[in-house]
Each structure stands twice: as C-alpha cells, then as structure tokens.
Amino acid sequence: MSQTPPTQLSRKSTDQLFSCPRVLVQFLDACLRQEPRQHFVAILQQDAALAVRILQAATTSSSEPIPANEPLSTALDRLSPATLSAIGLRAAGRYLEEHLGLSQSRFRQTLWLHSRVAGIAARSLAEALSYARSEEAQLAGMLHNIGMQLLFAQDSAHYHTKVVHPASSAEVCRHELKAYGDDHLHLAAELAESWRLESFLPDALASLHHPQAEGGGVLIRLLQLAHALSVSPAHLSCEALDLAQRYFDLAPAAVQEIFAEVERQYRGFSKYVGDPDRLQQEELDASLQLRKLSFLLAERQACLVQLGHCDSLPQLLSTGRSLLLQKLDVRETIFLLADAHKGVLCGMPVNGQSQLVTDLQVPMDPAFSLVGRCLIEGGVHDSATISPGEITVVDRTLLRLTASSRFACLPLSTKDPFGVVVIGLDETQDIEAFATGETQVLCHAIGRGLRTYVQSGMLLGRRGGDRIELRRVAHEINNPLAIMGNYLQVLRQQQGNDEVLSAMEDEIQRVTEILGYYSRQQERSPLPVSLVDVKELIESVLTSMKPTTLTPRRIEVVAAFDQMQPIAINPIVLRQILINLIKNAAESLPPEGRIELQSSEMLEANGEKQVEIVVADNGPGIAPQLFNQLFNPVTSSKGSGHAGLGLNIVRNMAKDIGVRISCQSRPETGTCFRILIPRHGTEKPVLE
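Residues numbered from 1 in each chain as written. Predicted model: local features only at pLDDT ≥ 70, side-chain atom pairs only at ≥ 80, totals over all residues. Heavy atoms only, no water.

Of the regular secondary structure elements, the protein chain holds 27 helices and 15 strands. Evaluated residue by residue, the protein chain yields a buried proportion of 53% over its 688 residues. In the protein chain, the proportion of contacts linking residues at least 24 apart, taken out of those at least 6 apart, comes to 69%. Only carbon and sulfur atoms are counted for the fraction: they give 51% of the accessible area of the protein chain, which is about 31100 Å². (Helix = DSSP H or I, 4+ residues; strand = E, 2+ residues; numbered from the N terminus. Buried < 20%, exposed > 50% of the residue type's maximum accessible area, 1.4 Å probe, protein only. Contact = heavy atoms within 4.5 Å. Areas by Shrake-Rupley, 256 points an atom, 1.4 Å probe, with all protein chains shown as cover.)

Structure (structure tokens):
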C-alpha cells in the first residue's frame, strides 16, 4: 500500500470502515421502523464504525460544536430519517461488497470485540466513578482502536500481517509508523478533532499509551483503564487492577464487580464470544439478514421517491394504489384515514373507484369493524378469521367495495393510529405474505406520503379552519407589534437604554412564540391524537432542555412517575405545554434551584379517570398582583417569576387538546402547575 497523507486517511476513508453485520441489522431495522432517537443511540454504542459515520454526517450538516455530555444523541438529532437510512445502506453495502479471507475476518472480529468491550468498560467505570459524561466515556472507549480499523479498511489484505496483535498498544503504533507513516492513535485523535467536540476526547485518544497519565484528566485515565480491561476480556489482568488502584483508588473487589458487569454486557451481544468458528457462522447468518433488510430499506426509499414526485393528494393516492396493486397482486385497495375529532376513519377515494368510498365513515371502536381493530391494535387483520355470524355491516360493505370475498387490513403507520389500508384478496392468497416486511414497508411508505398532506392541513376539510387560524394569528400579533412600535419611538430618543432594549426583546420573543404555536396549528394533522407514554414524553422533554435551559442554571430536576397505561393525546401540543412550563420555572429560579415533575393517575368524583402531571419549583412564587392575571398576556416576565410570555399560549394549547391546567403559588413553597388530562376509552392496554 502506498503511503497516504494522515488527513486523507482520517477524513476520506471513514466510508471504508467495516461495521459489524449484527449491528447493521439492528440499525436498518430501526430505520424501517422509524424508532426513537434513544433506540439508535443504543445501537451506535455497539459499533464504532457506525458511530463515526453518524458523527461525520452530523459535523458536515452543522457548524455548531457537539457537546461532550451526549455526542451521539446530539449527532442523531441533526440528521433526518432519510439521512440515517442512507448511512445505513452505505455501511451495509461496504460490508457486503468486501470478501475477506478467514484470517482477515477473524482479525476484524477481534477489532470489533475490543472496541465494544472498551466502550462498555468506559461507561461502567464512568458510572461507578460518578463521571457525569458517561456517553462521552463510552464513545472514547469505542474509538480507542478506530485508527486500527481505518488502516485495516484501507489495507485489509496486509494490515493484519504488519502489526503484532489486533489490540491497541505502543508496539502496534511503532509497526504502523514503519509501514504507513502514521499510527492509529494519531489518526483517531485527528478524526475526533474534526468533529468539533467540546471534549478532551482527542487528547485521551492520543495519550492512550502514555506511561504517566495521573495529571491528564479523568477521561484520559478512565480510557487507559478501559483499554486495559478490553485487552484481556476473558480475565481480569494485573495491569487493570494496578491502574484502577493507582488512578482511582479502587479496591480489587470493586474492580472485579465492574469487570463482571462488563463481561455480562459484551457476552450478551453474542453467546459465541471466544468461539471463532461459531462467530464466523453467526456473521454469515447476519449477512444474509442484512441483504434482506438492505433490499427492504432500498425498496422503501425508492417508493418514497416515487411518491415524492406526486404534486397533489389525488395523484399520491392513485400512485399508492398502483404500487400496492402491482407489487401485491391484489384485487383492490381502499385508504381510510383517521379523524380523531369525529372518532371515525374516513374513506379516501381514488380515481376509478366507487364514489361510495367517500361516504365511508367507520367508527374507530374495534367492535364496529376489522378496520377499527387494525387501527387500535396494529398488525395485519384478515376477514377470513371472522365467523359469518360475527361479520359487521361495515365489514360487509368493505367486501363489496373491494369486489372480493375476503379482505385484509394493514396500518399505514406503526407509531400512532393514523390510517388503514384495506386490501381485497382471493380465497387462495396466503395472508402470511401480507405480514412480511416488504408489504408493511410499502404501506408505511404510502402512509408517510399521506402524512405530508395531513400535516399541511389539506385533508378532511381543514382549509376553512386554516383561514380562522390565520385571523387568530393576525389578531394575536397586533398588540405586541404595536408595543414594539412605541418602544422604537422611545429608542430613537434614548439610545442605549438597556431597559427598553430588554422590553423589546421580550416582545419579539412573544411574537415568535405566538407565531410558532399557530404555525404548528396550521401544520398539525387532523388526527392530533396518539398513544403517548407520559414518562417517555417527559423524559424526552428534559433531555432536550437539559443542555440549554437546565444545566447552565444548575437546576436540579427531581422526577417521579407512576406506572400507567399510555394516554390518547396530541404529543406535539402536550410536549410544548411542558416545555413552556419547565422553561418558565427554570427562568424564575436562582442558580441551583429545584424543579419537581410528577405524573399519576386519579379517579374523579364523577368516576372519570384523569392523568395528572405536576410541574413544581421551589422559587420565589408569583407576585400577588400578577397571579390573578396569570394566563393573560403581559409585557415582561423577567423578575416576576412565571407570569411570562408562554402562559397565555399554554392556556390556549390546553384548550385545544381538551386538558385543564391550574396553578398554586406561595413565596414560602414556590409555584406548582397541574395538568389534568381526561382518559378516553380508546387507549390501548399495556401489554405485560
């Protein structure tokens, strides 16, 4: 191999990295299912090469630095689902196109194992030592041999013969310098530096084998100890025990406990660790699965492109119907989209279909039809499973409209009750074929296209409502704009007046919030209801607010959540209500204040079930002269605690989704907001 400049190696060759096929299978499956961010983070923490691809893409998409506390989580937030799918497909293609000999393949497996073990060890150590940035620590451990993986990817035919062992060491660095003019630690540090991380990660990687790391910071010492644990994952080495004692004063029993947890986790990834032959077979099996998932994901992307070329709703419906008829070889398809306000599924006719489809308004209650059951329960439902005596009027109508003696229902989304497609079948067709990934991928691709029109307010007669919303926006922004005009007049006479400038900033912020809220109202689906896990929603809000709102003010957050079934509510609006309340609480608190969050279920006197969410703080409370006008728009919240820009918006949001909000405030106890959400009968039961 000809020598390549280090920068070219670290920046341009990352697309050549090999990812473990088992991890790629998980990643592509998550892309197909459109899993939440934290699911992707857990996958990336198993494979350094895939994590590198994500960090590279995030760095390219934004010039903002990536915070050290959650580097992978932040990087994922910057990437769209389409970008994640493209990254997964490129990584899968790279793995599948390369055919290595047995010795190279086993060498690569060892590189993956050491990376995974070091990552797990670094995170376990960080948690045991109360090092706050555990995700950063795990990333450091995973990347300790990424330079070796880069060099192997560039020279897979010879690299394994030019180094003495597939574990990072000072001796390996010397061999690399001789063969390639650079070593893996320099490459890893340079790569990490290119991501603009607010972290000592590049220094830790560059100093991995430095003999004196006592004064080099926690991350450097932590990484050295994690590496020592990964070099001999089958047994706890004397070197690891010595480093643990010297760097962190950890007793052997404590190190043994950490080592046992690390071993439990990495062996959980594969039961064949330590058995090269079984590992090889496991990798081959994963490769077959990877080919199948790559095809499905590529098929979905192709369908999305084809559907994306549609410039009207009728064209989209017609194209979706054609795709289903062609690929599934079925008699007919009917699309029904949910209208949660009315509690029905509405038929969406396609050119050439009976206009009777337009008249379909099927109740969402599963008792009325197979379609309602499909919407609430998900999965594939076959009318052949219904006895003749149990078939409903709606089901009989669907049989006639599909010109078939049997039909199947499939959801258009796995994430929320959004819509259903009804497919007319022959008696001979195997329903199992419609439960396959290919059919579901196609349905979800069509559903994603339809959702674009739903979110733009072009379905179910929302245009009239849009005009009303626009008038509301015009009315709401009139007063703050007038006030801004008055302040501008003052500013012309009193330049440099900080109080005036601050007031103007408040008004601008208020305009931004009002416009933001009503803009989201315009884009909101006519089906604002989804099944929401309250605990997960609150935790995701806290995660998003921690770096910008909570951590800079050193706000302590105490959370307590009762176990309960999901609730049927619009997650976008509920999330925005919580953001406003938590933001106002944080801004009213002095440094090191406390916010308490609770969720619980209660039974009202009238027998109605309610879910209560509490947002409380230990701040100075709300001034008495402001409390009576708490939810009315006011000029400024600064110094007044809570009576600010977001509460008028919060009240309107609460009305829009049918929840109640109340407030209690005392100087000695702080302020407490209570959100009461009525339970409805459509919530899906929690599966034990």
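Once that is clear, we can look at the pairing of strand β3 (residues 333-339). Among the seven residues in β3, seven count as buried, and that is most of the element. Neither face of β3 is exposed, since Thr333, Phe335, Leu337 and Asp339 on one face and Ile334, Leu336 and Ala338 on the opposite face are all buried. As paired elements, β3 and strand β8 (residues 419-425) share five bridges and run antiparallel to each other. In the strand pairing of β8, phenylalanine 335 is matched with valine 421. Two elements, β3 and strand β4 (residues 344-348), share five bridges in a ladder whose sense is antiparallel. Within β4, the residue paired with phenylalanine 335 across the bridge is methionine 348. (Pairing = 2+ DSSP bridges.)

When the terminal C-alpha atoms of helix α2 (residues 21-33) are compared, their 18 Å separation across 13 residues agrees well with the 18 Å that a helix rising 1.5 Å per residue should span. Those residues of α2 that sit buried are Pro21, Val23, Leu24, Val25, Phe27, Leu28, Ala30, Cys31 and Leu32. Directly after α2, the chain includes glutamine 34, whose backbone phi takes a positive value near 55°. (Expected span 1.5 Å × (residues − 1).)

Attention now moves to the nonpolar core. By size, the foremost hydrophobic cluster in this structure holds 100 residues, and its most contacted members are Phe27, Ile54, Leu143, Tyr159 and Leu201. At 10 residues, the largest contribution of residues to this core is made by helix α7 (residues 102-128). (Core = buried A, V, L, I, M, F, W, Y, C linked by side-chain atoms within 4.5 Å.)

Spatial strand order, β10-β12-β13-β15-β14: five strands in an open sheet with mixed pairing. Looking at which strands have only one partner, the edges of the open sheet turn out to be β10 (556-561) and β14 (660-666). With strand direction ignored, the average angle separating the axes of adjacent strands in the sheet is 15°. The strands touched by helix α25 (residues 571-588) within the sheet are β12 (594-603), β13 (609-617), β14 and β15 (670-678), with β13 carrying the most contacts at an inclination of about 25°. (Axes fitted to C-alpha atoms, helices over the stretch in contact; angles between N-to-C directions.)

Structurally, glutamine 149 can be placed in helix α9 (residues 146-154). A residue is classified by how much of its surface remains accessible, and glutamine 149, at 5% relative accessible area, is buried. The contact partners of glutamine 149, leaving out residues within four places of it in the chain, are Leu17, Phe18, Ala48, Ala49, Leu111, Trp112 and Ser115.

Glancing now at the pairing of β14. Alternating positions in β14 separate cleanly, Ile661, Cys663 and Ser665 being buried on one face and Arg660, Ser662, Gln664 and Arg666 remaining unburied on the opposite face. Pairing of β14 with β15, which is carried by seven bridges, proceeds in the antiparallel orientation. Residue pairing for β15: glutamine 664 is matched across the bridge by cysteine 672. What sits between the antiparallel neighbours β14 and β15 is a turn of three residues.

Remember that the coordinates give geometry; whether it matters functionally is a separate question.
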